[in-house]
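Given next are the chains, with one letter for each unit.
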Amino acid sequence: MSLPILRLGLRSLFGRARVWLMVAMPVILVALAVVIRQANSGDVTANTAEQLLRNFGIGVAVPVVALVATTTLINSEFDDGSIIYLLTKPVSRVSIIASKAIVTLGAGVVFTALPMLVAGLILRGTDDRMALAGLVGALIATVAYVGVFTALATTMKRSIIGCLLFWLIWESTLASLFSPVKWLSPRAWGTSAIQHISTAIDDNPPVSIWYAVAATLVALVLGIVLAGQRLASMTISEE
Amino acid sequence: MSTPRQSVIHDIGYRTFTGRRQSTGAIALSLYLTSLRHCFGLGRSNKSKVMPFLVAALMLIPALVLAGLAIQLKRMSLGDQANYFAPLSNYFGYPYWTQLLITVFAASQAPVLFARDLRYRTIVLYFARPLDRSTYVLVRLAALTTALFAVIAVPMVIWYAAALSSGLDRSQHTKNFFAAIVGVLVLSLILATFSGMVSAITTRSGLAVVAVIVALMLTSGIVTIAQGAVYETGNKSAAMIASMFNPFTLVAELISGLFDQPTPTPAIPHPSTGWTLVFIIVALIWVIGTSWVLVERIRKAASL
(Lines give C-alpha, C1' and ligand atoms only; values in the text may rest on other atoms or scores of the structure.)
Protein backbone atom coordinates (compact mmCIF):
# COMPACT_ATOMS: atom_id res chain seq x y z
CA MET A 1 0.00 0.00 0.00
CA SER A 2 1.32 3.39 -0.77
CA LEU A 3 -0.50 6.61 -0.01
CA PRO A 4 0.78 8.67 -2.94
CA ILE A 5 -0.31 5.98 -5.39
CA LEU A 6 -3.72 5.78 -3.76
CA ARG A 7 -3.98 9.53 -4.09
CA LEU A 8 -2.82 9.46 -7.71
CA GLY A 9 -5.33 6.72 -8.47
CA LEU A 10 -8.16 8.67 -6.92
CA ARG A 11 -7.17 11.75 -8.85
CA SER A 12 -6.93 10.01 -12.20
CA LEU A 13 -10.29 8.34 -11.60
CA PHE A 14 -12.22 11.36 -10.38
CA GLY A 15 -10.46 14.11 -12.27
CA ARG A 16 -11.85 13.21 -15.69
CA ALA A 17 -15.11 13.57 -17.53
CA ARG A 18 -15.76 9.82 -17.39
CA VAL A 19 -16.44 10.08 -13.67
CA TRP A 20 -19.89 11.33 -14.69
CA LEU A 21 -20.63 7.97 -16.28
CA MET A 22 -19.84 6.35 -12.92
CA VAL A 23 -21.93 8.90 -11.03
CA ALA A 24 -24.82 8.39 -13.46
CA MET A 25 -25.14 4.66 -12.64
CA PRO A 26 -26.17 4.96 -8.96
CA VAL A 27 -28.33 8.01 -9.77
CA ILE A 28 -30.23 6.08 -12.46
CA LEU A 29 -30.51 3.01 -10.21
CA VAL A 30 -32.00 4.96 -7.32
CA ALA A 31 -34.20 7.01 -9.69
CA LEU A 32 -35.58 3.80 -11.24
CA ALA A 33 -36.25 2.44 -7.75
CA VAL A 34 -38.18 5.60 -6.87
CA VAL A 35 -40.10 5.50 -10.18
CA ILE A 36 -41.05 1.85 -9.67
CA ARG A 37 -42.14 2.56 -6.12
CA GLN A 38 -44.31 5.44 -7.36
CA ALA A 39 -45.73 3.40 -10.23
CA ASN A 40 -46.77 0.65 -7.84
CA SER A 41 -47.98 3.20 -5.27
CA GLY A 42 -45.57 2.15 -2.55
CA ASP A 43 -46.32 -1.57 -2.69
CA VAL A 44 -43.56 -3.21 -4.74
CA THR A 45 -43.56 -7.00 -5.00
CA ALA A 46 -40.37 -8.86 -4.16
CA ASN A 47 -40.11 -10.10 -7.75
CA THR A 48 -40.22 -6.61 -9.26
CA ALA A 49 -37.63 -5.42 -6.76
CA GLU A 50 -35.39 -8.37 -7.48
CA GLN A 51 -35.71 -7.79 -11.22
CA LEU A 52 -34.50 -4.20 -10.94
CA LEU A 53 -31.58 -5.16 -8.70
CA ARG A 54 -30.68 -8.09 -10.97
CA ASN A 55 -31.24 -6.65 -14.45
CA PHE A 56 -30.12 -3.08 -13.99
CA GLY A 57 -27.95 -3.34 -10.87
CA ILE A 58 -25.95 -6.49 -11.59
CA GLY A 59 -26.55 -6.46 -15.35
CA VAL A 60 -25.65 -2.85 -16.19
CA ALA A 61 -24.50 -0.64 -13.31
CA VAL A 62 -21.89 -2.99 -11.82
CA PRO A 63 -20.13 -3.85 -15.12
CA VAL A 64 -20.13 -0.23 -16.32
CA VAL A 65 -18.62 1.09 -13.08
CA ALA A 66 -16.11 -1.78 -12.94
CA LEU A 67 -15.22 -1.19 -16.61
CA VAL A 68 -14.64 2.54 -16.17
CA ALA A 69 -12.64 2.10 -12.97
CA THR A 70 -10.51 -0.79 -14.22
CA THR A 71 -9.75 0.68 -17.62
CA THR A 72 -8.89 4.08 -16.17
CA LEU A 73 -6.63 2.82 -13.41
CA ILE A 74 -5.02 -0.24 -14.92
CA ASN A 75 -5.33 -0.53 -18.68
CA SER A 76 -4.88 3.02 -19.87
CA GLU A 77 -1.52 3.40 -18.11
CA PHE A 78 -0.29 0.19 -19.68
CA ASP A 79 -1.67 1.13 -23.07
CA ASP A 80 -0.14 4.58 -23.30
CA GLY A 81 3.05 3.56 -21.52
CA SER A 82 2.80 6.13 -18.74
CA ILE A 83 3.10 3.31 -16.18
CA ILE A 84 6.85 3.70 -16.74
CA TYR A 85 6.85 6.85 -14.60
CA LEU A 86 5.45 4.89 -11.67
CA LEU A 87 7.90 2.04 -12.15
CA THR A 88 10.91 4.35 -12.00
CA LYS A 89 9.95 5.46 -8.48
CA PRO A 90 11.22 3.48 -5.49
CA VAL A 91 7.86 1.85 -4.78
CA SER A 92 7.44 -1.92 -4.86
CA ARG A 93 5.43 -3.17 -7.80
CA VAL A 94 3.19 -5.23 -5.54
CA SER A 95 2.13 -2.13 -3.66
CA ILE A 96 1.45 -0.30 -6.95
CA ILE A 97 -0.99 -2.95 -8.09
CA ALA A 98 -2.52 -3.37 -4.63
CA SER A 99 -3.14 0.36 -4.28
CA LYS A 100 -4.77 0.51 -7.69
CA ALA A 101 -6.94 -2.51 -6.86
CA ILE A 102 -8.10 -0.85 -3.64
CA VAL A 103 -9.15 2.32 -5.44
CA THR A 104 -10.98 0.27 -8.10
CA LEU A 105 -12.82 -1.87 -5.58
CA GLY A 106 -13.57 1.19 -3.46
CA ALA A 107 -15.17 2.88 -6.45
CA GLY A 108 -17.26 -0.26 -7.00
CA VAL A 109 -18.46 -0.22 -3.39
CA VAL A 110 -19.30 3.48 -3.39
CA PHE A 111 -20.91 3.63 -6.84
CA THR A 112 -22.75 0.31 -6.97
CA ALA A 113 -22.87 -1.72 -3.75
CA LEU A 114 -24.11 1.07 -1.49
CA PRO A 115 -26.61 2.39 -4.08
CA MET A 116 -27.92 -1.19 -4.44
CA LEU A 117 -28.51 -1.20 -0.68
CA VAL A 118 -30.32 2.15 -0.96
CA ALA A 119 -32.38 0.95 -3.95
CA GLY A 120 -33.30 -2.22 -2.04
CA LEU A 121 -34.40 -0.13 0.96
CA ILE A 122 -36.48 2.17 -1.27
CA LEU A 123 -38.15 -0.78 -3.00
CA ARG A 124 -38.79 -3.18 -0.14
CA GLY A 125 -37.73 -1.48 3.09
CA THR A 126 -36.15 -4.08 5.34
CA ASP A 127 -38.50 -6.86 4.21
CA ASP A 128 -37.15 -10.27 3.22
CA ARG A 129 -33.53 -9.07 3.33
CA MET A 130 -33.83 -7.63 -0.20
CA ALA A 131 -31.59 -4.64 0.54
CA LEU A 132 -28.92 -6.83 2.11
CA ALA A 133 -29.14 -9.18 -0.88
CA GLY A 134 -28.59 -6.24 -3.23
CA LEU A 135 -25.55 -5.12 -1.26
CA VAL A 136 -23.91 -8.55 -1.15
CA GLY A 137 -24.80 -9.39 -4.76
CA ALA A 138 -23.30 -6.12 -5.98
CA LEU A 139 -20.17 -6.68 -3.86
CA ILE A 140 -19.65 -10.15 -5.31
CA ALA A 141 -20.30 -9.01 -8.87
CA THR A 142 -18.04 -5.95 -8.50
CA VAL A 143 -15.11 -7.97 -7.19
CA ALA A 144 -15.59 -10.58 -9.92
CA TYR A 145 -15.89 -8.04 -12.71
CA VAL A 146 -12.81 -6.15 -11.55
CA GLY A 147 -10.89 -9.44 -11.56
CA VAL A 148 -12.13 -10.52 -14.98
CA PHE A 149 -11.65 -7.11 -16.59
CA THR A 150 -8.14 -6.81 -15.16
CA ALA A 151 -7.27 -10.27 -16.47
CA LEU A 152 -8.75 -9.53 -19.91
CA ALA A 153 -7.11 -6.14 -20.05
CA THR A 154 -3.62 -7.37 -19.34
CA THR A 155 -3.80 -10.21 -21.84
CA MET A 156 -5.19 -8.47 -24.90
CA LYS A 157 -4.70 -5.36 -26.99
CA ARG A 158 -7.55 -2.89 -27.46
CA SER A 159 -8.56 -3.87 -23.96
CA ILE A 160 -11.66 -1.68 -23.57
CA ILE A 161 -13.30 -3.26 -26.59
CA GLY A 162 -12.42 -6.71 -25.25
CA CYS A 163 -14.02 -5.99 -21.88
CA LEU A 164 -17.06 -4.52 -23.57
CA LEU A 165 -17.52 -7.55 -25.80
CA PHE A 166 -17.18 -9.80 -22.76
CA TRP A 167 -19.98 -7.90 -21.10
CA LEU A 168 -22.26 -7.68 -24.14
CA ILE A 169 -21.68 -11.00 -25.88
CA TRP A 170 -20.56 -13.40 -23.19
CA GLU A 171 -22.68 -12.13 -20.31
CA SER A 172 -25.74 -10.66 -21.95
CA THR A 173 -26.24 -12.81 -25.04
CA LEU A 174 -24.50 -16.18 -24.69
CA ALA A 175 -25.43 -16.57 -21.02
CA SER A 176 -29.11 -16.50 -21.92
CA LEU A 177 -28.64 -19.05 -24.72
CA PHE A 178 -26.26 -21.58 -23.15
CA SER A 179 -26.73 -22.25 -19.47
CA PRO A 180 -23.19 -23.61 -18.74
CA VAL A 181 -21.90 -20.07 -19.28
CA LYS A 182 -23.16 -19.39 -15.75
CA TRP A 183 -20.13 -21.13 -14.27
CA LEU A 184 -17.91 -18.43 -15.78
CA SER A 185 -20.14 -15.39 -15.52
CA PRO A 186 -19.81 -12.73 -12.78
CA ARG A 187 -23.37 -11.71 -13.57
CA ALA A 188 -24.69 -15.17 -12.67
CA TRP A 189 -22.64 -15.16 -9.47
CA GLY A 190 -24.06 -11.82 -8.36
CA THR A 191 -27.58 -12.95 -9.27
CA SER A 192 -27.12 -16.15 -7.27
CA ALA A 193 -26.07 -14.15 -4.23
CA ILE A 194 -29.20 -11.99 -4.46
CA GLN A 195 -31.48 -15.00 -4.83
CA HIS A 196 -29.81 -16.93 -2.00
CA ILE A 197 -29.85 -14.12 0.52
CA SER A 198 -33.28 -12.71 -0.13
CA THR A 199 -35.94 -14.86 1.49
CA ALA A 200 -38.73 -13.96 -0.92
CA ILE A 201 -37.39 -15.39 -4.19
CA ASP A 202 -38.47 -18.90 -5.12
CA ASP A 203 -36.36 -19.15 -8.30
CA ASN A 204 -33.58 -21.66 -8.31
CA PRO A 205 -30.35 -19.61 -8.24
CA PRO A 206 -27.96 -20.37 -11.14
CA VAL A 207 -25.02 -21.42 -8.95
CA SER A 208 -24.58 -22.12 -5.25
CA ILE A 209 -23.46 -19.21 -3.10
CA TRP A 210 -20.25 -20.92 -2.02
CA TYR A 211 -19.28 -21.45 -5.63
CA ALA A 212 -20.10 -17.79 -6.36
CA VAL A 213 -17.90 -16.55 -3.52
CA ALA A 214 -15.05 -18.91 -4.38
CA ALA A 215 -15.19 -18.12 -8.10
CA THR A 216 -15.22 -14.40 -7.34
CA LEU A 217 -12.11 -14.67 -5.21
CA VAL A 218 -10.39 -16.78 -7.88
CA ALA A 219 -11.25 -14.19 -10.53
CA LEU A 220 -9.86 -11.36 -8.39
CA VAL A 221 -6.65 -13.24 -7.58
CA LEU A 222 -6.22 -14.22 -11.23
CA GLY A 223 -6.66 -10.64 -12.37
CA ILE A 224 -4.20 -9.27 -9.82
CA VAL A 225 -1.63 -12.01 -10.49
CA LEU A 226 -1.79 -11.44 -14.26
CA ALA A 227 -1.51 -7.67 -13.87
CA GLY A 228 1.30 -8.13 -11.34
CA GLN A 229 3.15 -10.43 -13.71
CA ARG A 230 2.86 -7.95 -16.54
CA LEU A 231 4.07 -5.21 -14.24
CA ALA A 232 6.95 -7.31 -12.95
CA SER A 233 8.09 -8.37 -16.41
CA MET A 234 8.20 -4.81 -17.72
CA THR A 235 11.67 -3.50 -18.29
CA ILE A 236 12.53 0.17 -18.20
CA SER A 237 15.43 0.04 -20.65
CA GLU A 238 15.20 -0.75 -24.31
CA GLU A 239 16.41 -4.24 -25.16
CA MET B 1 7.90 47.83 -73.56
CA SER B 2 7.55 44.10 -73.43
CA THR B 3 4.64 41.92 -72.38
CA PRO B 4 4.79 40.34 -68.90
CA ARG B 5 5.22 36.96 -70.52
CA GLN B 6 8.56 37.93 -71.96
CA SER B 7 9.79 39.55 -68.77
CA VAL B 8 9.79 36.25 -66.90
CA ILE B 9 13.36 35.36 -66.02
CA HIS B 10 12.80 31.70 -65.21
CA ASP B 11 9.98 29.72 -66.78
CA ILE B 12 10.18 26.37 -65.05
CA GLY B 13 7.07 25.10 -66.73
CA TYR B 14 4.34 25.45 -64.10
CA ARG B 15 1.00 25.27 -65.83
CA THR B 16 -2.44 26.04 -64.61
CA PHE B 17 -5.08 23.33 -64.76
CA THR B 18 -6.90 23.67 -68.07
CA GLY B 19 -9.10 20.53 -67.87
CA ARG B 20 -12.78 20.52 -67.01
CA ARG B 21 -13.38 21.04 -63.28
CA GLN B 22 -15.96 18.76 -61.73
CA SER B 23 -18.91 20.12 -59.85
CA THR B 24 -19.47 20.00 -56.10
CA GLY B 25 -21.96 17.26 -56.76
CA ALA B 26 -19.26 15.05 -58.24
CA ILE B 27 -17.02 15.68 -55.24
CA ALA B 28 -19.90 14.82 -52.91
CA LEU B 29 -20.66 11.66 -54.86
CA SER B 30 -17.10 10.44 -54.74
CA LEU B 31 -16.91 11.23 -51.01
CA TYR B 32 -20.17 9.30 -50.53
CA LEU B 33 -18.83 6.24 -52.36
CA THR B 34 -15.50 6.23 -50.47
CA SER B 35 -17.30 6.66 -47.16
CA LEU B 36 -19.66 3.82 -47.97
CA ARG B 37 -16.74 1.56 -48.88
CA HIS B 38 -14.93 2.55 -45.68
CA CYS B 39 -18.01 1.60 -43.61
CA PHE B 40 -17.45 -1.99 -44.70
CA GLY B 41 -13.67 -1.81 -44.42
CA LEU B 42 -13.20 -1.85 -48.21
CA GLY B 43 -10.12 0.10 -49.14
CA ARG B 44 -8.85 -0.26 -45.58
CA SER B 45 -6.70 -2.84 -43.82
CA ASN B 46 -7.82 -6.46 -43.60
CA LYS B 47 -8.25 -6.12 -39.85
CA SER B 48 -10.87 -3.44 -40.28
CA LYS B 49 -12.93 -5.64 -42.61
CA VAL B 50 -13.52 -8.20 -39.85
CA MET B 51 -16.04 -6.31 -37.70
CA PRO B 52 -18.45 -5.00 -40.38
CA PHE B 53 -18.60 -8.27 -42.28
CA LEU B 54 -18.89 -10.32 -39.10
CA VAL B 55 -21.87 -8.26 -37.97
CA ALA B 56 -23.43 -8.37 -41.45
CA ALA B 57 -23.03 -12.17 -41.54
CA LEU B 58 -24.48 -12.62 -38.04
CA MET B 59 -27.44 -10.45 -39.03
CA LEU B 60 -28.13 -12.81 -41.91
CA ILE B 61 -28.26 -16.01 -39.83
CA PRO B 62 -31.84 -15.78 -38.48
CA ALA B 63 -33.16 -14.79 -41.91
CA LEU B 64 -31.35 -17.62 -43.69
CA VAL B 65 -32.49 -20.19 -41.13
CA LEU B 66 -36.07 -19.07 -41.61
CA ALA B 67 -35.80 -19.03 -45.39
CA GLY B 68 -34.45 -22.59 -45.28
CA LEU B 69 -37.35 -23.66 -43.09
CA ALA B 70 -39.86 -21.96 -45.39
CA ILE B 71 -38.64 -24.02 -48.33
CA GLN B 72 -38.69 -27.23 -46.29
CA LEU B 73 -42.15 -26.67 -44.88
CA LYS B 74 -44.05 -26.28 -48.15
CA ARG B 75 -45.96 -29.46 -47.45
CA MET B 76 -47.35 -28.20 -44.14
CA SER B 77 -50.96 -27.08 -43.94
CA LEU B 78 -51.54 -23.35 -44.24
CA GLY B 79 -52.71 -23.04 -40.62
CA ASP B 80 -49.55 -24.68 -39.32
CA GLN B 81 -47.47 -22.44 -41.51
CA ALA B 82 -49.23 -19.34 -40.26
CA ASN B 83 -48.47 -20.35 -36.67
CA TYR B 84 -44.92 -21.16 -37.54
CA PHE B 85 -44.35 -17.84 -39.25
CA ALA B 86 -46.15 -15.75 -36.66
CA PRO B 87 -42.93 -13.91 -35.74
CA LEU B 88 -42.46 -13.18 -39.45
CA SER B 89 -45.49 -10.97 -39.68
CA ASN B 90 -43.88 -8.43 -37.34
CA TYR B 91 -40.97 -7.32 -39.48
CA PHE B 92 -39.78 -4.57 -37.16
CA GLY B 93 -39.06 -7.29 -34.62
CA TYR B 94 -35.98 -8.11 -36.71
CA PRO B 95 -34.01 -4.93 -35.96
CA TYR B 96 -35.53 -4.84 -32.46
CA TRP B 97 -34.25 -8.26 -31.43
CA THR B 98 -30.89 -7.84 -33.17
CA GLN B 99 -30.29 -4.38 -31.70
CA LEU B 100 -27.08 -5.46 -30.03
CA LEU B 101 -25.51 -6.33 -33.39
CA ILE B 102 -26.79 -3.16 -35.03
CA THR B 103 -25.45 -1.10 -32.13
CA VAL B 104 -22.05 -2.76 -32.46
CA PHE B 105 -22.01 -2.01 -36.21
CA ALA B 106 -22.94 1.64 -35.73
CA ALA B 107 -20.50 2.05 -32.85
CA SER B 108 -17.58 0.48 -34.69
CA GLN B 109 -18.11 2.20 -38.04
CA ALA B 110 -19.19 5.73 -37.04
CA PRO B 111 -15.73 6.65 -35.68
CA VAL B 112 -14.24 5.58 -39.02
CA LEU B 113 -16.18 8.34 -40.74
CA PHE B 114 -16.36 10.98 -38.05
CA ALA B 115 -13.53 10.59 -35.52
CA ARG B 116 -10.36 9.86 -37.50
CA ASP B 117 -10.47 12.95 -39.73
CA LEU B 118 -10.76 15.21 -36.69
CA ARG B 119 -8.19 13.26 -34.68
CA TYR B 120 -5.50 13.27 -37.37
CA ARG B 121 -6.43 16.69 -38.79
CA THR B 122 -6.99 15.27 -42.27
CA ILE B 123 -10.25 17.19 -42.19
CA VAL B 124 -8.39 20.29 -43.45
CA LEU B 125 -7.48 18.38 -46.61
CA TYR B 126 -11.17 17.70 -47.32
CA PHE B 127 -11.99 21.35 -46.82
CA ALA B 128 -9.15 22.40 -49.09
CA ARG B 129 -11.50 21.24 -51.86
CA PRO B 130 -14.55 23.32 -52.74
CA LEU B 131 -16.66 21.30 -50.34
CA ASP B 132 -19.05 22.92 -47.91
CA ARG B 133 -18.76 21.97 -44.20
CA SER B 134 -22.36 20.89 -43.93
CA THR B 135 -22.23 19.03 -47.26
CA TYR B 136 -19.31 17.03 -45.90
CA VAL B 137 -21.27 16.11 -42.77
CA LEU B 138 -24.46 15.30 -44.67
CA VAL B 139 -22.64 13.13 -47.21
CA ARG B 140 -20.86 11.22 -44.45
CA LEU B 141 -24.20 10.78 -42.65
CA ALA B 142 -25.83 9.55 -45.84
CA ALA B 143 -23.08 6.97 -46.30
CA LEU B 144 -23.37 5.68 -42.72
CA THR B 145 -27.16 5.58 -42.98
CA THR B 146 -26.94 3.61 -46.24
CA ALA B 147 -24.53 1.13 -44.67
CA LEU B 148 -26.74 0.61 -41.62
CA PHE B 149 -29.84 0.35 -43.79
CA ALA B 150 -28.19 -2.28 -46.00
CA VAL B 151 -27.05 -4.33 -43.02
CA ILE B 152 -30.57 -4.39 -41.55
CA ALA B 153 -32.68 -4.46 -44.72
CA VAL B 154 -30.95 -7.28 -46.63
CA PRO B 155 -31.86 -9.97 -44.06
CA MET B 156 -35.37 -8.56 -43.88
CA VAL B 157 -35.75 -8.87 -47.66
CA ILE B 158 -34.72 -12.52 -47.39
CA TRP B 159 -37.25 -12.96 -44.60
CA TYR B 160 -39.93 -11.30 -46.74
CA ALA B 161 -39.09 -13.51 -49.73
CA ALA B 162 -39.38 -16.57 -47.47
CA ALA B 163 -42.81 -15.44 -46.33
CA LEU B 164 -43.97 -14.80 -49.91
CA SER B 165 -42.86 -18.24 -51.07
CA SER B 166 -44.71 -19.94 -48.19
CA GLY B 167 -48.21 -19.14 -49.44
CA LEU B 168 -49.23 -16.87 -46.57
CA ASP B 169 -51.41 -13.79 -46.91
CA ARG B 170 -49.34 -11.72 -49.34
CA SER B 171 -51.00 -8.33 -49.06
CA GLN B 172 -50.73 -8.39 -45.26
CA HIS B 173 -47.05 -9.35 -45.40
CA THR B 174 -46.31 -6.74 -48.07
CA LYS B 175 -47.91 -4.03 -45.97
CA ASN B 176 -46.04 -5.10 -42.82
CA PHE B 177 -42.77 -5.40 -44.71
CA PHE B 178 -42.86 -1.93 -46.24
CA ALA B 179 -43.99 -0.38 -42.95
CA ALA B 180 -40.98 -1.97 -41.26
CA ILE B 181 -38.65 -0.84 -44.07
CA VAL B 182 -39.72 2.77 -43.47
CA GLY B 183 -38.99 2.17 -39.80
CA VAL B 184 -35.55 0.77 -40.62
CA LEU B 185 -34.79 3.87 -42.69
CA VAL B 186 -35.70 6.16 -39.79
CA LEU B 187 -33.80 3.94 -37.37
CA SER B 188 -30.66 3.98 -39.56
CA LEU B 189 -30.85 7.76 -39.78
CA ILE B 190 -31.18 8.17 -36.00
CA LEU B 191 -28.40 5.68 -35.25
CA ALA B 192 -26.10 7.28 -37.85
CA THR B 193 -26.57 10.81 -36.57
CA PHE B 194 -26.28 9.79 -32.92
CA SER B 195 -23.17 7.63 -33.29
CA GLY B 196 -21.64 10.21 -35.65
CA MET B 197 -22.21 12.94 -33.10
CA VAL B 198 -20.63 10.93 -30.29
CA SER B 199 -17.64 10.08 -32.51
CA ALA B 200 -17.11 13.69 -33.54
CA ILE B 201 -17.25 14.86 -29.93
CA THR B 202 -14.86 12.27 -28.53
CA THR B 203 -12.59 12.18 -31.65
CA ARG B 204 -10.93 9.02 -30.29
CA SER B 205 -12.13 5.83 -31.96
CA GLY B 206 -11.77 3.57 -28.91
CA LEU B 207 -13.58 5.98 -26.65
CA ALA B 208 -16.27 6.65 -29.25
CA VAL B 209 -16.99 2.91 -29.68
CA VAL B 210 -17.39 2.49 -25.94
CA ALA B 211 -19.47 5.65 -25.57
CA VAL B 212 -21.91 4.73 -28.34
CA ILE B 213 -22.37 1.15 -27.13
CA VAL B 214 -22.77 2.15 -23.49
CA ALA B 215 -25.18 4.97 -24.33
CA LEU B 216 -27.43 2.84 -26.55
CA MET B 217 -27.37 -0.32 -24.41
CA LEU B 218 -27.83 1.69 -21.22
CA THR B 219 -30.89 3.54 -22.49
CA SER B 220 -32.22 0.29 -23.93
CA GLY B 221 -31.82 -1.41 -20.54
CA ILE B 222 -33.40 1.48 -18.65
CA VAL B 223 -36.34 1.69 -21.07
CA THR B 224 -36.95 -2.08 -20.89
CA ILE B 225 -36.90 -2.05 -17.09
CA ALA B 226 -39.08 1.04 -16.80
CA GLN B 227 -41.61 -0.40 -19.25
CA GLY B 228 -41.59 -3.76 -17.50
CA ALA B 229 -42.25 -1.99 -14.19
CA VAL B 230 -45.24 0.00 -15.45
CA TYR B 231 -46.59 -2.83 -17.65
CA GLU B 232 -48.39 -4.53 -14.79
CA THR B 233 -49.95 -1.29 -13.61
CA GLY B 234 -51.24 -0.56 -17.14
CA ASN B 235 -49.84 2.97 -17.17
CA LYS B 236 -49.47 3.41 -20.96
CA SER B 237 -48.39 7.07 -20.96
CA ALA B 238 -45.39 6.30 -18.75
CA ALA B 239 -44.40 3.41 -21.03
CA MET B 240 -44.65 5.64 -24.11
CA ILE B 241 -42.62 8.44 -22.52
CA ALA B 242 -39.98 5.85 -21.64
CA SER B 243 -39.91 4.69 -25.29
CA MET B 244 -38.65 8.08 -26.45
CA PHE B 245 -35.25 7.68 -24.85
CA ASN B 246 -34.00 4.83 -27.03
CA PRO B 247 -33.95 4.82 -30.86
CA PHE B 248 -35.17 1.23 -31.15
CA THR B 249 -38.24 1.63 -28.96
CA LEU B 250 -38.92 5.09 -30.40
CA VAL B 251 -39.04 3.78 -33.98
CA ALA B 252 -41.06 0.75 -32.89
CA GLU B 253 -43.68 3.14 -31.46
CA LEU B 254 -43.48 5.38 -34.52
CA ILE B 255 -44.26 2.73 -37.13
CA SER B 256 -46.74 1.05 -34.81
CA GLY B 257 -48.71 4.28 -34.73
CA LEU B 258 -48.18 5.34 -38.35
CA PHE B 259 -48.97 2.04 -40.07
CA ASP B 260 -51.10 0.34 -37.41
CA GLN B 261 -48.51 -2.37 -36.77
CA PRO B 262 -48.07 -4.58 -33.70
CA THR B 263 -45.10 -3.64 -31.47
CA PRO B 264 -42.23 -6.12 -30.97
CA THR B 265 -43.10 -6.74 -27.29
CA PRO B 266 -46.36 -6.23 -25.39
CA ALA B 267 -44.55 -3.94 -22.93
CA ILE B 268 -44.33 -1.32 -25.71
CA PRO B 269 -47.90 0.01 -26.00
CA HIS B 270 -49.59 0.77 -29.32
CA PRO B 271 -49.85 4.59 -29.54
CA SER B 272 -52.94 6.61 -30.38
CA THR B 273 -52.94 9.25 -33.16
CA GLY B 274 -51.98 12.02 -30.76
CA TRP B 275 -49.08 10.05 -29.38
CA THR B 276 -47.98 9.15 -32.91
CA LEU B 277 -47.61 12.88 -33.67
CA VAL B 278 -45.53 13.25 -30.51
CA PHE B 279 -43.32 10.36 -31.63
CA ILE B 280 -42.83 11.95 -35.06
CA ILE B 281 -41.69 15.17 -33.38
CA VAL B 282 -39.38 13.27 -31.01
CA ALA B 283 -37.86 11.36 -33.95
CA LEU B 284 -37.25 14.66 -35.75
CA ILE B 285 -35.58 16.03 -32.62
CA TRP B 286 -33.34 12.95 -32.47
CA VAL B 287 -32.28 13.41 -36.10
CA ILE B 288 -32.13 17.20 -36.45
CA GLY B 289 -30.78 17.91 -32.98
CA THR B 290 -27.91 15.47 -33.27
CA SER B 291 -27.07 16.50 -36.86
CA TRP B 292 -26.99 20.14 -35.80
CA VAL B 293 -24.56 19.35 -32.96
CA LEU B 294 -22.51 17.31 -35.42
CA VAL B 295 -22.32 20.08 -38.05
CA GLU B 296 -21.41 22.67 -35.40
CA ARG B 297 -18.74 20.40 -34.00
CA ILE B 298 -17.12 19.74 -37.39
CA ARG B 299 -17.33 23.44 -38.28
CA LYS B 300 -15.53 24.37 -35.08
CA ALA B 301 -12.93 21.64 -35.40
CA ALA B 302 -12.21 22.57 -39.02
CA SER B 303 -11.90 26.30 -38.41
CA LEU B 304 -8.37 26.02 -37.04
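Our structure's up above, just so we're on the same page.
Trainee: Just to check I follow, could you spell out the environment of A31 of chain A for this structure?
Mentor: Among the structural elements, A31 of chain A can be located in helix 2 (residues 19-39). In this structure, the C-alpha to C-alpha distance between A31 of chain A and A119 of chain A, residues 88 residues apart in sequence, is 8.5 Å.

Trainee: What's the story with the packing of helix 10 (residues 170-202) of chain B against helix 11 (residues 205-231) of chain B in this structure? I'm lost.
Mentor: A pair of packed helices is characterised by two quantities: the angle between their axes and the separation of those axes. All names here are of chain B. Two numbers describe how helix 10 lies on helix 11: the axes approach to 9 Å, and their chain directions differ by 140°. If you check the angle between helix 10 and helix 11, you find them oblique. Crossing hand, helix 10 versus helix 11: right-handed. Note on element contacts: helix 11 touches helix 10 through L207, A208, A211, V212 and A215, opposite S195, V198, S199 and T202. Across the contact of helix 10 with helix 11, the residue classes break down as six nonpolar, three polar and no charged.

Trainee: Would you mind showing me how to read the environment of R20 of chain B here?
Mentor: On the secondary structure map, R20 of chain B appears in the loop between helix 1 (4-7) and helix 2 (24-39). With 220 residues separating them along the chain, R20 of chain B and M240 of chain B place their C-alpha atoms 55 Å apart.

Trainee: What should I look at first to understand helix 10 of chain B in this one?
Mentor: Spacing of three or four residues puts side chains on the same side of an α-helix, whose turn is 3.6 residues. Taking 1.5 Å of rise per residue, the 33 residues of helix 10 of chain B would be expected to cover 48 Å, and the 47 Å separating its terminal C-alpha atoms lies within 8% of that figure. Where helix 10 of chain B terminates, the next one or two residues include T203 of chain B, which has phi positive at roughly 55°.

Trainee: Quick question: what am I supposed to make of helix 12 (residues 236-243) of chain B here?
Mentor: Residue and element names in this part refer to chain B. Every buried residue of helix 12 is accounted for by A239, M240, A242 and S243. The arc that holds every buried residue of helix 12, seen down its axis, measures 155°, which confines them to one face. Its buried side turned inward, helix 12 meets helix 11, helix 13 (247-259) and helix 14 (273-302).

Here is what the cut-offs are and how they apply
Residues numbered from 1 in each chain as written. Chains lettered and ligands numbered in written order. Predicted model: local features only at pLDDT ≥ 70, side-chain atom pairs only at ≥ 80, totals over all residues. Helix = DSSP H or I, 4+ residues; strand = E, 2+ residues; numbered from the N terminus. Axes fitted to C-alpha atoms, helices over the stretch in contact; angles between N-to-C directions. Parallel < 35°, antiparallel > 145°, perpendicular 65-115°, else oblique. Left-handed = near helix turned anticlockwise from the far one by under 90°. Contact = placed C-beta atoms within 7 Å. Nonpolar A, V, L, I, M, F, W, Y, C, P; charged D, E, K, R; others polar. Expected span 1.5 Å × (residues − 1). Buried ≥ 20, exposed ≤ 12 C-beta atoms within 10 Å, placed from the backbone. Arc of directions from axis to C-beta.

Any functional reading would require information that these geometric values do not contain.
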